[in-house]
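Analysis of the macromolecular model
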Amino acid sequence: MTRFIINRRKFLTMAGVAASAIPLSGCDAFDSMLSGQSRVREFLASANGLTYRAHRALIGADTLVPEFAASEIRQGQRPNGSTDPTDTDYLALKDAAFANYWLTVGGLVEKPVSFSLDELRNMPARTQITRHDCVEGWSCIAKWTGVPLRQILDEAKVKPEARFVVFQCYDTMNLGLQGAVPYYESIDLIDARHPQTILAYGNNDKPLAVANGAPLRVRVERQLGYKMAKYIKGIELVSSLAPFGGGKGGFWEDLGYDWYGGI
Amino acid sequence: MTITDDIESRSPPKHDDGAVIYRHRIATRVTHWTWAIALFFLLLSGLQIFNAHPTLYIGQQSGFEFDNSVLSMRALQAADGTVGGYTTVRGHTFDTTGVLGMSGPAGDPAYRGFPAWATLPSYQDLATGRVVHFFFAWFFSAAFLIWFVSSLISGHLRRDILPSMADIKTLPRSIADHLRFRFHHDGRYNGLQKLAYAGVLLVIFPLIIATGLTMSPGMNAAWPWLLDIFGGRQTARTIHFLCMAALVIFFVIHIVMVLAAGPLNEMRSIVTGWYRTDKQKNEEHSA
């Protein structure tokens, strides 16, 4: 058997050639291709539709996320995004301890309705200890109490042509030159009717704190944190997301995030 | 020459050169290059995603009011006021200024986990990192499924990848040969090669796919047992990261071995399938 014997010089030369390829991975070469609304980025993002359909085929409509024991609540719910809105109408509500708060439900419904905070608190509630997953990668376990969104939808009687639930919010996000943009989010009716999808007014056995979205926020437990709008002002049933914001279905979606945040 | 099995086939030797054998089937070659491309983009976009929160934890949740972190990359201000990049691994902190935690030009430092040259895109853009990552994750997983099923059917898996008892017995010799840069080119994988490929293909690839799925809140509803087997979402994230590190190490060794073993012949075999074995007397091979 012949042996392949490599001398040191030859080895170092080849190793050098291989190592010199590493800086080529410097990824600004792809930056322009991936920026904003480029065709390449749009093509790559089309895989998100595949992910959404795969999840819808694989995960039963009412399949619950795991719930945790009270002993797993080891810290406060970490706030993220806007944590202290300074918009005038929100400040007025906050100053009155949300006594004048009304949640409006409209759009493609038979019976537009609105609820005061007391009315919501007097409705049958659901309490769940779940894990909040941030798109950034961190997680936090907390107890959430609120009204199942399904109940609200049933009271308003959703019309058959409705496909999405849009949440309008009190908080605005500053986007520099574009100024302040109101936060909004949307989910489909499968997630809206999911048993764990609640309009939460309680967190860890206390009224929801301002940093976590007081007086009312959404919990969509099978999706990431950015889908769970805080400071909700109103709910609108719609057949298309095009008329809202940048037309992508949410504040973060308009900035390039996927509309389906289940992964 | 006739095409038979992957590494099994032999053809009569041509003058003083070794025999040219059909070494890699089409499925092996196509999936190899799919993985090569997909893993390149998965790594760089994965580091972009990691940079959004460059800390790894053990368990179900990230500890903010308690400490369950195992790795963290941060910019910190030292006592003398200078800012540097620091990496903490299980309580031990290392100065990694210039690479991890803080990088970029001295006049305009960037406070980020991995430096700009290691992420895709180079600037901070979690949304695009996710778009790239999930696109190539589909290709990576599809290639894995195709490779696994076809290798199972063709016998490639049993014959060439899974180490036999004989392979295990010759491992010490195989290791000694590798350390001396002595390679036997009979077209078959030795024990060390089988172990490396089996480790990557049958352990790390399924593990990195499964831990990736465990990070999905949707998949947690569908398959809650994923959380049980990996010990929580944050542990799965940590394992996902460790699998990435193992694949990077494998890649470096893989390239060095290809270069050491004769890059043209190796490249030809993984592109066309045909591989030239050593000159004569290769009947008594080490496998």
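Residues numbered from 1 in each chain as written. Chains lettered and ligands numbered in written order. Predicted model: local features only at pLDDT ≥ 70, side-chain atom pairs only at ≥ 80, totals over all residues. Heavy atoms only, no water.

**Some words on the overall build of chain A**
Scanning chain A from terminus to terminus reveals nine helices and ten strands. For chain A, the residues scored as buried account for 49% of the 263 residues in total. Contacts spanning at least 24 positions in sequence make up 70% of the contacts within chain A whose residues lie at least 6 apart. In the structure as shown, chain A presents an accessible area of about 12,100 Å², 56% of it carried by carbon and sulfur atoms. (Helix = DSSP H or I, 4+ residues; strand = E, 2+ residues; numbered from the N terminus. Buried < 20%, exposed > 50% of the residue type's maximum accessible area, 1.4 Å probe, protein only. Contact = heavy atoms within 4.5 Å. Areas by Shrake-Rupley, 256 points an atom, 1.4 Å probe, with all protein chains shown as cover.)

**Examining the overall build of chain B**
Each helix and strand in chain B was counted, giving ten helices and six strands. Overall, chain B is about 70 × 45 × 35 Å in size when its C-alpha atoms are taken along their principal axes. Residues counted as buried form 51% of the 287 residues belonging to chain B. Partitioning the contacts of chain B with sequence separation of at least 6, the portion at a separation of at least 24 is 59%. Across chain B, the 23 positively charged side chains and the 20 negatively charged ones have centroids separated by 5 Å. (Lys, Arg positive; Asp, Glu negative; His and termini not counted. Charge placed at Lys NZ, Arg CZ, Asp CG, Glu CD.)

**Structural notes on the sheet that holds strand β2 (residues 55–57) of chain B**
All names here are of chain B. Spatially, β2-β3-β4-β5 is the arrangement adopted by the four strands of the open sheet, whose pairing is antiparallel. Among the strands making up the open sheet, the edge pair consists of β2 and β5 (92–95). Direction aside, neighbouring strands of the sheet carry axes that sit 25 degrees apart on average. By the bridge criterion, seven bridges tie strand β3 (residues 69–77) to strand β4 (residues 83–89) in an arrangement that is antiparallel. Bridge pairing in β4 places S72 opposite T88. On top of the sheet, helix α9 (residues 233–261) reaches β2 and β3; it is set at about 120 degrees to β2, its chief contact. (Pairing = 2+ DSSP bridges. Axes fitted to C-alpha atoms, helices over the stretch in contact; angles between N-to-C directions.)

**Some thoughts on unusual backbone geometry**
The omega angle of the peptide bond from A214(A) to P215(A) is 5 degrees, so this bond is cis rather than trans. In this model, L120(B) is joined to P121(B) through a cis peptide bond whose omega is -10 degrees. Relative to the elements of secondary structure, P121(B) occurs in the loop between β5 and α2 (126–154). Residues other than glycine seldom take positive phi values, yet F98(A) does so here, at roughly 65 degrees. Locating F98(A) in the fold gives a position in the loop between α5 (88–95) and β1 (102–107). Of note in the backbone geometry, D205(A) takes a positive phi value of approximately 65 degrees without being a glycine. Relative to the helices and strands, D205(A) resides in the loop between β7 (198–203) and β8 (206–207).

**A closer look at the packing of aromatic side chains**
Following the criterion strictly, the structure yields 33 aromatic pairs over all chains and no others. Every member of this aromatic cluster is reached through a ring pair, and the members are F30(A), F43(A), F40(B), F41(B), F135(B), F136(B) and F139(B). Over the aromatic face of F66(B) sits the side chain of R74(A), whose NZ or CZ is 3.6 Å from the ring centroid. Positioned above the aromatic ring of Y275(B), the side-chain terminus of R23(B) is 4.0 Å from the ring centre. (Phe/Tyr/Trp six-rings, centres within 6.5 Å; stacked < 30°, edge-to-face > 60°. Lys NZ or Arg CZ within 6 Å of the ring centre and 35° of its normal.)

**Focus on the sheet that holds strand β2 (residues 113–116) of chain A**
Strand pairing in a sheet relies on backbone hydrogen bonds, with the paired strands running either antiparallel or parallel. Residues and elements named next belong to chain A. As summarised here, the arrangement of the five strands in space is β2-β1-β10-β5-β6, forming an open sheet in which the pairing is mixed. With partners counted over all chains shown, the strands left at the sheet margins are β2 and β6 (180–188), one partner each. Each adjacent strand pair in this sheet contributes to an overall mean axis angle of 20 degrees, direction not counted. Here β1 runs beside β2; their pairing, made up of four bridges, is antiparallel.

**Digging into α9(B)**
Between its first and last C-alpha atoms α9(B) spans 41 Å; for 29 residues at 1.5 Å apiece the expected length is 42 Å, and the two agree. Positioned one or two residues after α9(B), G262(B) has a phi angle of 105 degrees, which is positive. (Expected span 1.5 Å × (residues − 1).)

**Some remarks on helix α5 (residues 171–179) of chain B**
Residues and elements named next belong to chain B. Residues of α5 that are buried: L171, S174, D177 and H178. End-on, the buried residues of α5 take up no more than an arc of 125 degrees, which puts them together on one face. In this structure, α5 carries P172 and L179 as exposed residues pointing more than 90 degrees from its buried face. Looking at the buried residues of α5, the elements they touch are α4 (165–169), α6 (191–214) and α9. Where α5 ends, the next residue or the one after it, F181, has phi of about 55 degrees, a positive value. (Arc of directions from axis to C-beta.)

**What to know about the interface of chain B and chain A**
One widely used convention gives an interface's size as the accessible area the parts lose upon coming together. In this assembly, 57 residues from chain B lie in contact with 62 residues from chain A. Interface area, chain B with chain A, both sides summed: about 5,200 Å², of which 65% is carbon and sulfur. Connecting chain B to chain A are two salt bridges. Among the elements of the structure, α1 (26–51), α2, α7 (217–222) and α9 of chain B are those that each provide at least two residues to the side of chain B that touches chain A. If you tally residues by element for the side of chain B that touches chain A, the top one is α2(B), at nine residues. Per-class residue counts for the side of chain B that touches chain A are 32 nonpolar, 16 polar and nine charged. (Buried area = accessible area lost by both parts, 1.4 Å probe. Salt bridge = Lys/Arg side-chain N within 4 Å of Asp/Glu carboxyl O. Nonpolar A, V, L, I, M, F, W, Y, C, P; charged D, E, K, R; others polar.)

**Observations concerning the confidence of the model for chain A**
Summing up the model confidence of chain A, the mean pLDDT is 91 and the portion of residues at 70 or higher is 90%. Counting interchain partners and residues more than four positions distant, the pLDDT-below-50 stretch residues 1–6 of chain A has 22 contacts. (pLDDT = per-residue confidence, 0-100.)

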